[in-house]
Structures are given as C-alpha cells and as structure tokens.
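Working through the structure, step by step
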Amino acid sequence: LMMAGHGLGKTMDLFQGKHDFPDPLGIGPLPSLILAVSAEFVCALLVVVGFKTRWAAIPVVITMLVAVFVFHANDGWEVKEFPLLYAVAFLALAFTGAGKYSLDGRLSRKRSYR
C-alpha cells in the first residue's frame, strides 16, 4: 500500500520532472523528493519482496516520522494517524525481519546448508 498509494505517484513526479515537492527538512525540494521516493517506493518494494527487509524498513519509518512530526506538525490527529500507523508497522518489520517465505528467508536457508 505504501508503494502503490504514496511512492508510485512521487516516483512518476520525479521522472516527469515535477520537482515542486515540500521541503520539510530544508535540504531542497529535489533531494526531499528523492529521499521520499527512495523510502516510499524503493524501500517499500524491497519490503514487499522480503529482501533486506530490516534495513529497508528503517527509511520508511524515518520518512513517516518526518511526515508526522515535521510536515504535519500543526495538523490534527486525523492527519497524523495514518503515517503513524505506517511507521509502527514498518518499525515492527525492522525489529522482526521478513518471514520464512521471503527472499531473506530463502537466502538464509541456503546459507545455513553450506
């Protein structure tokens, strides 16, 4: 859901040259967009396929926390709730890792047989 609902649109904006993206950290609109695309599309895709899941979940957590506490700092709970739910879900994946049917699980089984 993160990749399709949030990351895909930002990825399309990046490749179409639409770089008028919010700059909540003061690093510029283009670097902010690149970081958001990296987290919301690339890292979310890695989590979906279960590759480097623990590492891939961390940028998504950071991005969602920036969305909640910086970009939406003055908004109400109804706006902050959704990115917080994403942050908690990806934080859980960062701690637990992928399941046994993921690429991580498959790769670790292959290493354990050597």
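Since the model is a prediction, treat every value here as computed from it, not as a measurement.

The rules behind each value
Residues numbered from 1 in each chain as written. Predicted model: local features only at pLDDT ≥ 70, side-chain atom pairs only at ≥ 80, totals over all residues. Heavy atoms only, no water. Phe/Tyr/Trp six-rings, centres within 6.5 Å; stacked < 30°, edge-to-face > 60°. Helix = DSSP H or I, 4+ residues; strand = E, 2+ residues; numbered from the N terminus. Buried < 20%, exposed > 50% of the residue type's maximum accessible area, 1.4 Å probe, protein only. 1 Å grid on protein atoms, 1.4 Å probe; cavity = no way out; pocket = protein on both sides within 12 Å on 5 of 7 lines; lining within 4 Å. Points joined across faces, edges and corners; volume = space filled by probe spheres on them. Nonpolar A, V, L, I, M, F, W, Y, C, P; charged D, E, K, R; others polar. Expected span 1.5 Å × (residues − 1). Contact = heavy atoms within 4.5 Å.

**Details of the packing of aromatic side chains**
Inspection of every chain in the model, using the stated rule, returns two aromatic pairs. For the pair Phe82 and Tyr86, a centre-to-centre distance of 4.9 Å together with 70 degrees between the ring planes defines the contact as edge-to-face. Of this pair, Phe82 and Tyr86 both sit in helix α4 (residues 77–96), four residues apart, roughly one helical turn. Owing to a relative accessible area of 45%, Phe82 belongs among the partly exposed residues under this scheme. When the ring of Tyr86 is compared with that of Phe90, the centres are 6.5 Å apart and the planes differ by 40 degrees; the resulting orientation is tilted.

**With respect to the layout of surface pockets**
For the largest pocket, the calculated volume is near 490 Å³. Only α1 (2–15), α2 (29–49), α3 (53–71) and α4 provide two or more residues apiece to the lining of the largest pocket. When residues in the lining of the largest pocket are grouped by element, the largest group, six residues, is from α3. In the lining of the largest pocket, the residues fall into 16 nonpolar, four polar and two charged.

**What about α2?**
With 21 residues, α2 extends 29 Å from end C-alpha to end C-alpha; this agrees with the ideal 30 Å at 1.5 Å per step. Considered for burial, the residues of α2 that qualify are Ser32, Leu33, Ala36, Val37, Ala39, Glu40, Cys43, Ala44 and Val47. On its buried face, α2 is in contact with α1, α3 and α4.

All we've got here are geometric facts, nothing functional implied.
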